[in-house]
Amino acid sequence: MSEIPHFLPWQQQVASSWLTQRERFAHAWLIHGMAGIGKRQFALAAAASLLCESPQEGLACGHCAACLWVAGGNHPDLRRIRPEAIALEEGTDTAEEPAEQSGAAKKAPSRDIRVEQLRVLSPWFNTATHRGGWRVAVLYPAEALNSISANALLKVLEEPPEHTVFLLVVDAPDRILPTLVSRCRRLPLAVPSPADSAEWLSSQGLDDSTQWLAAAGGAPLRALEMSRAGGGACPEWLAQLVRSSAQGAMPDVGALAESLEKETPKVWIDALQRLFLDLSLAAAHASVRYFPELAGQIKAIAQKVPPATLADTGKWLVQQRAVADHPLNTKLFTYSALSRAALACQPQR
Ligand SMILES: [Zn+2]
């Protein structure tokens, strides 16, 4: 038995006022905001609150029969729709999942929300809910819908089943089908204040959180994840790249690539993306956001590199991030991405 999902401290007020207007509650919500601020937790806590039989100021009471079912992961009116890969990361039981075809060849867990996951919901939509309450489908991340499953969901939302609420979680609404967005009410979630984030991080055992929060762009859950991943808020390889470049020297890309051999490409690509955002900020004479400890060197680089080069490299890194899950050749991918980033940091003659 696990705990009932609860709202994070900075979410409680917005959740409470949102959930107390249930009479005119929309049947589909798009919960969006920056990555790493706790949107998934918000959606799951909202689902628990919608199912609770005696909510307190709109929020789940934590001890009614519905709350106990939610905590046990077996409330019949709650479904979580997420990619298989995420379900595995969560380590949750599969009781609520559709039965996988046995005998199928073992494949890597899907990173997509597959159309089958929506198709199996049809009988659920047609089953009466417990005591005539809500039925809640939490879908995350909506970016994981592919074109087929997005269209299947669109069909459902065009003729919404009765008593059903869809909670879709997405970082940025422009990453999903616009027609899908238009079928949902939007609920934007803000980045919590630095004080709220620091207090929460401290309650999670991270006391010296300033640099982590900066590195995570102010997103507390992301900051915690980064701090637990090992290494420093500013990775040593990135600091080396910046220090050499600030002196106008090409860093030893081979050595840097070697030090990243065991890292997940997505993680270091993400760090490079943040570096190039900082470089662009410095080029625009704004304060750097992610790596304040390297501010001096970042400014020095930004002064010598054309802003267009920084912007182009930033765009290129976005594309690389999209393929970072499955590079054809990780070594080559690492070397070429670092080379391009390092070259972009060299003074232009
Ligand atoms: Zn309850």
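Residues numbered from 1 in each chain as written. Predicted model: local features only at pLDDT ≥ 70, side-chain atom pairs only at ≥ 80, totals over all residues. Heavy atoms only, no water.

Chemist: Outline the sheet that holds strand E1 (residues 28–32), supporting the account with residue identities and numerical values.
Modeler: With respect to topology, five strands assemble into an open sheet ordered E2-E3-E4-E1-E5, the strand pairing being parallel. What marks the edges here is a single partner per strand, and that holds for strand E2 (78–81) and strand E5 (185–188). Strand-to-strand twist across the sheet, computed as the mean angle between neighbouring axes with direction ignored, equals 20°. One ladder, built from four bridges, connects E1 with E5; its direction is parallel. (Pairing = 2+ DSSP bridges. Helix = DSSP H or I, 4+ residues; strand = E, 2+ residues; numbered from the N terminus. Axes fitted to C-alpha atoms, helices over the stretch in contact; angles between N-to-C directions.)

Chemist: Any details on unusual backbone geometry? Residues and values, ideally.
Modeler: Cis geometry marks the peptide bond from Tyr140 to Pro141, where omega comes out at -20°. Looking at where Pro141 falls in the secondary structure, it is placed in the loop between strand E3 (135–139) and helix H7 (147–158). The phi dihedral of His163 is positive, around 55°, even though this residue is not glycine. Within the secondary structure layout, His163 lies in the loop between H7 and strand E4 (164–170). Overall, His163 belongs to the partly exposed group, its relative accessible area being 43%. Backbone geometry places His285, a non-glycine residue, at a positive phi of 60°. (Buried < 20%, exposed > 50% of the residue type's maximum accessible area, 1.4 Å probe, protein only.)

Chemist: Could you give me a rundown of the packing of aromatic side chains, with the residues and numbers involved?
Modeler: Tallied over the entire structure, the rule returns 10 aromatic pairs. With a centroid separation of 5.6 Å and an interplanar angle of 90°, the aromatic rings of Trp10 and Trp200 are classed as edge-to-face. A residue pair is termed long-range when its members are at least 10 positions apart, and Trp10 in the segment before helix H1 (12–19) and Trp200 in helix H9 (residues 194–203) qualify at 190 residues. For the pair shown, Trp10 and Trp200 are each scored as buried. An aromatic cluster of at least three residues, connected via ring pairs, comprises Phe7, Trp18, Phe25, Trp29, Phe42 and Trp134. Above the plane of the ring of Trp124 lies Arg135, whose end atom (NZ or CZ) is 5.8 Å from the centre. (Phe/Tyr/Trp six-rings, centres within 6.5 Å; stacked < 30°, edge-to-face > 60°. Lys NZ or Arg CZ within 6 Å of the ring centre and 35° of its normal.)

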